[in-house]
Amino acid sequence: MSPTAKMKKTAVAETKTTRKGVAKPAGNVVDLEMSTGADSHMGLRLWLRMLTTTNLVQAELRKRLRAEFDTTLPRFDLMAQLERHPDGLKMTELSRRMMVTGGNVTGITDQLEQEGLVVRDVDPNDRRSISVKLTAEGRRSFDKMAIAHEQWVVEMFGGLDLDEKSRVHGRLGKLKQHLLDNLGN
C-alpha cells in the first residue's frame, strides 16, 4: 500500500469525539500531511490536508446522520439531489451526479422506496428509462435532515471567521478552476 493510500485509510480512524460530539484528531496524532516529510512538495502536503479535513467532516456527518435520523450519508446525498430536481432525475443521472455506480443508486433507491420516501416513474416513451423523485413524506424528511446538516457544517467550520472562510473558499475556487482548465475535464 502506498504512503498516500495508507494515510487516506487512517485519516478518519485517528480521531476522537469531544463532549459536543465533534470529531477531532486524537491528541497524539500529527497532521497526516506532515508525515510526508518536510521535504515533500507543498502540493502533496496541501492535498493531504484537504483530504484529512474532508474525511473528518464526512465522518462526523455520517455519525450525526446515523444518530439523529437513522440514515446514511449516501441516502442523504441521493435525497439532496432529488430535492434540487422536483420533477425527478433518471437513475443514470443520479449515478453520475453522486459519482457512484448504478448498482449503488439502485440499492439506495430500493430502500428509500420501501420507506415511502421516493417513487420511481417509468418514462412512457422509453420503458427502460426510470426517473426517481421524492414523495411528500420524503421531502418533509429531507427538509428536517437538511436543516440539521447545515447547522452541523456551520458548527464544524466555526473555528474560522467569515473573512477566513471567504479566503479559503476563493482560493479553493481558483484551484478548482485550474484543475478544470488543465486536466481535460
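Residues numbered from 1 in each chain as written. Predicted model: local features only at pLDDT ≥ 70, side-chain atom pairs only at ≥ 80, totals over all residues. Heavy atoms only, no water.

### Thoughts on the overall build of the protein
The secondary structure content of the protein amounts to 7 helices and 5 strands. Counting across all 185 residues of the protein, residues that qualify as buried make up 29%. A sequence separation of at least 24 residues applies to 49% of the contacts in the protein between residues at least 6 apart. A total of about 12400 Å² of accessible surface is found on the protein, and carbon and sulfur atoms cover 54% of it. (Helix = DSSP H or I, 4+ residues; strand = E, 2+ residues; numbered from the N terminus. Buried < 20%, exposed > 50% of the residue type's maximum accessible area, 1.4 Å probe, protein only. Contact = heavy atoms within 4.5 Å. Areas by Shrake-Rupley, 256 points an atom, 1.4 Å probe, with all protein chains shown as cover.)

### Section: the packing of helix H4 (residues 91–98) against helix H5 (residues 102–114)
Direction vectors running N to C along H4 and H5 enclose 110 degrees, while the axes themselves pass 9 Å from each other. Put simply, H4 runs roughly perpendicular to H5. Along the contact surface, H4 presents Met-91, Leu-94, Ser-95 and Met-98, while H5 presents Gly-102, Val-105, Thr-106, Ile-108 and Thr-109. Of the residues contributing to the contact of H4 with H5, the split by class is 5 nonpolar, 4 polar and no charged. (Axes fitted to C-alpha atoms, helices over the stretch in contact; angles between N-to-C directions. Parallel < 35°, antiparallel > 145°, perpendicular 65-115°, else oblique. Nonpolar A, V, L, I, M, F, W, Y, C, P; charged D, E, K, R; others polar.)

### Let's talk about the pattern of salt bridges
Tallied over the entire structure, the rule returns 13 salt bridges. Between Arg-120 and Asp-110 there is a salt bridge, and its shortest N-O distance comes to 2.6 Å. Of the two residues, Arg-120 is situated in strand S4 (residues 118–123) and Asp-110 in helix H5; the sequence distance between them amounts to 10 residues. With relative accessibility at 21%, the residue Arg-120 sits in the partly exposed group. Where Arg-120 meets Glu-113, a salt bridge forms, and the shortest distance between an N and an O atom there is 2.4 Å. (Salt bridge = Lys/Arg side-chain N within 4 Å of Asp/Glu carboxyl O.)

### What to know about the pairing of S4
In the sheet, S4 pairs with strand S5 (residues 126–134) via 6 bridges, with the strands oriented antiparallel. Paired with Arg-120 across the two strands is Val-132, which belongs to S5. The antiparallel pairing of S4 with S5 creates a hairpin that spans 2 residues between the two strands. (Pairing = 2+ DSSP bridges.)

### Brief notes about the nonpolar core
Generally speaking, a soluble globular protein has its nonpolar side chains buried in company with each other. One finds Leu-78, Met-79, Leu-82, Leu-94 and Leu-112 to be the most contacted residues of the largest nonpolar core, which totals 25 residues. The greatest single-element share of this core, amounting to 6 residues, is contributed by helix H3 (residues 73–83). Once you skip the residues sitting within four places of it in the chain, Leu-94 turns out to touch Leu-78, Gln-81, Leu-82, Leu-89, Val-105 and Val-132. (Core = buried A, V, L, I, M, F, W, Y, C linked by side-chain atoms within 4.5 Å.)

### Some points on the sheet that holds S4
Reading across the sheet, the 3 strands line up as S3-S5-S4 and stay open at both edges, with antiparallel pairing between neighbours. Two strands bound the open sheet, and with one partner strand each, they are strand S3 (89–90) and S4. Sheet topology places S3 next to S5; 2 bridges connect them, and they run antiparallel. Looking across to S5, one finds that Leu-89 is bridged to Val-132.

### Overview of helix H7 (residues 162–182)
Between its first and last C-alpha, H7 extends 30 Å over 21 residues, near the 30 Å set by a 1.5 Å rise per residue. The N-terminus of H7 is capped by Asp-161, whose side-chain oxygen sits 3.1 Å from the backbone nitrogen of Asp-163. Two residues or fewer past H7, Gly-184 is found with a positive phi of approximately 70 degrees. (Expected span 1.5 Å × (residues − 1). Polar contact = N/O pair within 3.5 Å; in protein donor to acceptor, adjacent residues only side chain to side chain.)

### Concerning the packing of helix H2 (residues 42–69) against helix H6 (residues 136–156)
With their axes 11 Å apart at the nearest point, H2 and H6 run at an angle of 140 degrees to one another. The element H2 and its partner H6 pack so that their crossing is right-handed. Two secondary-structure elements touch here, H2 through Val-57, Glu-60, Leu-61, Arg-64, Leu-65, Glu-68 and Phe-69 and H6 through Lys-144, Met-145, Ala-148, His-149, Trp-152, Val-153, Glu-155 and Met-156. Split into classes, the residues belonging to the contact of H2 with H6 amount to 9 nonpolar, 1 polar and 5 charged. (Left-handed = near helix turned anticlockwise from the far one by under 90°.)

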